[in-house]
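# Breakdown of the fold
What follows is the residue order along each chain.
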Amino acid sequence: MLTHATPPETDFTRLPDPGPDVFTAPLQRPAEVGEDWLEPAQRQYSAEEHRIWDDLYARQMQVLPGRAASAFLAGLERLDLGRGGVPDFARLSEELSGLTGWSVVPVPMLIPDHVFFWHLANRRFPAGNFIRTRETFDYIQEPDVFHDVFGHVPMLTDPTFADYMQEYGRAGWKAMRYNRLKALGALYWYTVEFGLILEGPEEADGLRAYGAGILSGPTETVFSIEAQSPNRIMLNVDRVMRTDYVIDDLQPTYFVIENFGELYHDTVDRDFDRLYRALGPGFTYANSAVIDVDDVLHRGTQEYALRGGRGSGAKPV
Ligand SMILES: C[C@H](O)[C@H](O)[C@H]1CNc2nc(N)[nH]c(=O)c2N1
Ligand SMILES: N[C@@H](Cc1ccccc1)C(=O)O
Ligand SMILES: [Fe+2]
């Protein structure tokens, strides 16, 4: 019997009930935001904060050509994110709504999973309001406005990717019912945050990054494409959803797609019920594992991780 955990009549305009494994408790909701976690307005930024955006932008532009996916670079240009200063969400939303129907809305910090899904399902991208400081210029733990807007928003100009993001949000309802958010989160991690795409034949050096976690920092932009250390493996949804991930260091493994249509087909056009029923509560594969079924583009040396990773002085590339 086929059970549809997300019934076709699901009302995605209403906030879903968080399932038992939703990471809600540790998040303290600030006084100024309601159940939707939306800030009443985008922050005002100081002149120095606008300069921080400009400097982060300039630093990325030195490394992106030849490494960022063409869809990402096209989006950056289309939205003119380098016009100077932190972009205004209202103007961004206006331009995006004409292109793919998305908007960008301000949130104070990480928001609970079910609220995040709900915004995506309604084509609203929740972006952190604050910007990092000079002290945290190279590395921040929480997503700030540079990661969220520079890293994520350009891809929302791509119609197929824009649809994928909305469907990912809608997918949260089913994953919550099955208590398998971790698995769906791994898919997000290895695509939206750390995805690579093979734009031309492999021999022609066609490997590019489209993941926001890669493209919002210079080190991982170079590491993900050029380093010998990480594995680069063709994306296999069943495999990826069983794979653990690191949140505070360069990835030991990247998963590669050939185009966004294929990503859409392998995820959206497929019923995850059977998969969720087959999955255990935790992950099966370590984040550095290479397994039998893998279609391996590059088997990494894992030298960076073996030397101790972040904080050890190990050189990324
Ligand atoms: C898997 C899950 O959807 C993911 O971790 C969510 C949780 N809450 C978030 N909240 C914000 N503000 N930004 C994010 O990217 C996320 N990611
Ligand atoms: N097709 C998936 C939904 C999904 C869409 C997009 C990304 C991931 C999952 C399901 O049946 O649940
Ligand atoms: Fe992100």
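Described below are features of the structure shown in this document. As the structure is a computational prediction, the values presented were derived from the model and not from experiment.

Parameters at a glance
Residues numbered from 1 in each chain as written. Chains lettered and ligands numbered in written order. Predicted model: local features only at pLDDT ≥ 70, side-chain atom pairs only at ≥ 80, totals over all residues. Heavy atoms only, no water. Near = heavy atom within 4 Å. Polar contact = N/O pair within 3.5 Å; in protein donor to acceptor, adjacent residues only side chain to side chain. Areas by Shrake-Rupley, 256 points an atom, 1.4 Å probe, with all protein chains shown as cover. 1 Å grid on protein atoms, 1.4 Å probe; cavity = no way out; pocket = protein on both sides within 12 Å on 5 of 7 lines; lining within 4 Å. Sits in = over half its atoms within 2 Å of the grid points. Helix = DSSP H or I, 4+ residues; strand = E, 2+ residues; numbered from the N terminus. Pairing = 2+ DSSP bridges. Axes fitted to C-alpha atoms, helices over the stretch in contact; angles between N-to-C directions. Salt bridge = Lys/Arg side-chain N within 4 Å of Asp/Glu carboxyl O. Buried < 20%, exposed > 50% of the residue type's maximum accessible area, 1.4 Å probe, protein only. Nonpolar A, V, L, I, M, F, W, Y, C, P; charged D, E, K, R; others polar. Donors = N, O, S within 2.8 Å, 3.2 Å for Na, K, Ca; no water.

### A closer look at the site of ligand 2
- Around ligand 2, a shell composed of Tyr164, Glu167, Tyr168, Ala171, Lys174, Leu184, Leu187, Thr267, Val268, Arg270, Asp271 and Phe272 is seen.
- Between an oxygen atom of ligand 2 and a side-chain N or O atom of lysine 174, the distance comes to 2.7 Å.
- Alone, ligand 2 offers 330 Å² of accessible surface; in the complex the protein occludes 92% of this.
- Given that more than half its atoms are within 2 Å of the pocket grid, ligand 2 belongs to the second largest pocket.
- Secondary structure elements with two or more residues in the shell around ligand 2: helix H6 (159–177) and helix H7 (181–193).
- In terms of residue count, the dominant contributor to the shell around ligand 2 is H6 (5 residues).

### Points about the sheet that holds strand E6 (residues 253–257)
- Ordered by their spatial adjacency, 5 strands build an open sheet running E4-E3-E6-E5-E7, and the pairing between neighbours is mixed. Edge strands, defined here as strands with exactly one partner in the open sheet, are strand E4 (207–209) and strand E7 (296–298). Taken pair by pair, the neighbouring strands of this sheet meet at an average axis angle of 35°, ignoring direction.
- Where strand E5 (residues 231–234) and E6 come together, 4 bridges link them in parallel fashion. Residue pairing in the sheet places isoleucine 233 in a bridge with phenylalanine 255 of E6.

### A look at the pattern of salt bridges
- Applying the stated criterion across every chain yields a total of 18 salt bridges.
- Across the pair aspartate 55 and arginine 134 runs a salt bridge, and its minimum N-O distance is 2.9 Å. With aspartate 55 in helix H1 (residues 47–63) and arginine 134 in the loop between strand E2 (124–128) and helix H5 (145–152), the pair connects residues that are 79 residues apart, well separated along the chain.
- Judged by relative accessible area, aspartate 55 falls into the partly exposed class, the value being 34%.
- The partner of glutamate 95 in a salt bridge is arginine 83, with the nearest N and O atoms 3.9 Å apart. Separated by 12 residues along the polypeptide, glutamate 95 in helix H3 (residues 89–99) and arginine 83 in the loop between helix H2 (70–79) and H3 bring together distant segments of the chain.
- According to the relative accessible area criterion, glutamate 95 is partly exposed, its value standing at 27%.

### Some words on the site of ligand 1
- Taken together, the residues surrounding ligand 1 are Val107, Met109, Leu110, Ile111, Asp113, Phe116, Phe117, Tyr168 and Gly185.
- Between ligand 1 and methionine 109, the relevant distance is 3.1 Å, taken from a nitrogen atom to a main-chain nitrogen or oxygen of the residue.
- A distance of 2.7 Å is found between a nitrogen atom of ligand 1 and a backbone nitrogen or oxygen belonging to isoleucine 111.
- Protein burial of ligand 1: of its 400 Å² of free accessible surface, 82% is covered by the chains.
- In terms of residue class, the shell around ligand 1 is made up of 7 nonpolar, 1 polar and 1 charged.

### With respect to the coordination of the iron ion (ligand 3)
- At the metal site, the iron ion (ligand 3) is ligated by His147 (NE2), His152 (NE2) and Glu193 (OE), and these contacts range over 2.0 to 2.1 Å.
- Linear spacing of the donor residues for the iron ion (ligand 3) on their chain is H-x4-H-x40-E. Each member of the pair histidine 147 and histidine 152 is classed as buried.

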